[in-house]
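# Structural description and commentary
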Number of protein chains: 2
Amino acid sequence: MIRNKPRNAFAELQSRGHKLTQPRRLVIETLVNQSRAMTADDLHQVLAERKVSLASIYRTLDLLAELHLAEPVRQSGDEARYVACRPEQHHHHIICTRCWQVADIDSCLLEPVAKAIEDDSHFDVESHVLEFYGCCANCRG
Amino acid sequence: MIRNKPRNAFAELQSRGHKLTQPRRLVIETLVNQSRAMTADDLHQVLAERKVSLASIYRTLDLLAELHLAEPVRQSGDEARYVACRPEQHHHHIICTRCWQVADIDSCLLEPVAKAIEDDSHFDVESHVLEFYGCCANCRG
DNA sequence: TTTACTGCAAACATTTTGCAGATGT
DNA sequence: ACATCTGCAAAATGTTTGCAGTAAA
């Protein structure tokens, strides 16, 4: 349930040969601190006074996704939202559809299921998406 | 593994007070017969000689989703794709990322998992998305 | 100093919409 | 006959890109 810390992401970025710039720093900090699934525009508004351009936000989000420091989630109809996450572990999310707060589901229970599906469907399973959506304690209030 | 039949969808549409028009008929037939996850543009190309407008295709897809006769799936970076499905049952999909062919996974194994998550995270789970992606027997070749 | 990165503005792709005419019931 | 639906073209939305200047290493 503990989300990634900005510093880990900073280090990961740099160790992979990317520069730790001000816009990147701010996007990472915001994404981690808010622990919610944020759109590019959400970030742009939160960072309005820091004057980070939308283009840089999109570019940073792409980069973070590539490095597995963030993951895109898309519910139909909505724009893409991004969630900060730890790169080293496979996990899934539960996401509040009111405030977009996110909690991690640490274990993945689907490996045996994927196996069963491979036998049954004659597909090779390469990846899966598992997201739970609901209402968090705060929004239920 | 058997997909919905067009006629069921035709009937469902009409019984809910919608007109069974030529464009709608063609979109439904195509979506069901091809049994793949199709973009609006895929449908537009397949139906090119039948002169169905893109606008009608989008409107029909929205309607089908609303009636649970089709479901949108979005993989990051891609446009929305739609899968024909039976409205009466909860199920999930396995989707080939080469040819976008779809097979159904009839049972839902996640109800107990959702319960466990509710206890653990203090979220009310309202819905979930479970999609497996992989390579079908045909594309594996 | 060098290369990667940023902001801006323009381009792009996908999806939505208003409206006049066509179609299903 | 009537309401709904279609096609068209225009608009809106979300995202990407080229380029000249800026900042990180």
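Structural notes, computed from the coordinates. (Residues numbered from 1 in each chain as written. Chains lettered and ligands numbered in written order. Predicted model: local features only at pLDDT ≥ 70, side-chain atom pairs only at ≥ 80, totals over all residues. Heavy atoms only, no water.)

Here the focus is the overall build of chain A. Summing up its helical and strand segments, chain A has 6 helices and 5 strands in all. For chain A, the succession of helices and strands along the chain, N to C, is α-α-α-α-β-β-β-β-α-β-α. Across its three principal axes, chain A shows a C-alpha extent of roughly 55 × 45 × 30 Å. The 141 residues of chain A split such that 45% are buried. Taking the intrachain contacts of chain A between residues at least 6 apart in sequence as the baseline, contacts between residues at least 24 apart amount to 48%. Accessible area of chain A: about 7,300 Å², with a carbon and sulfur share of 47%. Once the 17 positive and 20 negative side-chain charges of chain A are each reduced to a mean point, those two points are 11 Å apart. (Helix = DSSP H or I, 4+ residues; strand = E, 2+ residues; numbered from the N terminus. Buried < 20%, exposed > 50% of the residue type's maximum accessible area, 1.4 Å probe, protein only. Contact = heavy atoms within 4.5 Å. Areas by Shrake-Rupley, 256 points an atom, 1.4 Å probe, with all protein chains shown as cover. Lys, Arg positive; Asp, Glu negative; His and termini not counted. Charge placed at Lys NZ, Arg CZ, Asp CG, Glu CD.)

Turning our eyes to something else, we now look at the protein's contact with DNA strand C. Lining the immediate environment of DNA strand C, one finds 21 residues, of which K19, R24, S53 and S56 of chain A together with Y58 of chain B sit closest. Counting only atoms of DNA strand C within 4 Å of the protein, the sugar-phosphate share comes to 69%. The separation between a phosphate oxygen of DNA strand C and a polar side-chain atom of S53 of chain A is 2.6 Å. Residue R59 of chain A places a side-chain N or O atom 2.8 Å away from a base nitrogen belonging to DNA strand C. Among the secondary structure elements, those contributing two or more residues to the surface near DNA strand C are α2 (22-34) and α4 (54-66) of chain A together with α4 (54-66) of chain B. With 4 residues, the top contributor of residues to the surface near DNA strand C is α4 of chain B. (Near = heavy atom within 4 Å. Polar contact = N/O pair within 3.5 Å; in protein donor to acceptor, adjacent residues only side chain to side chain.)

Purely spatial values, then, with no claim about function.
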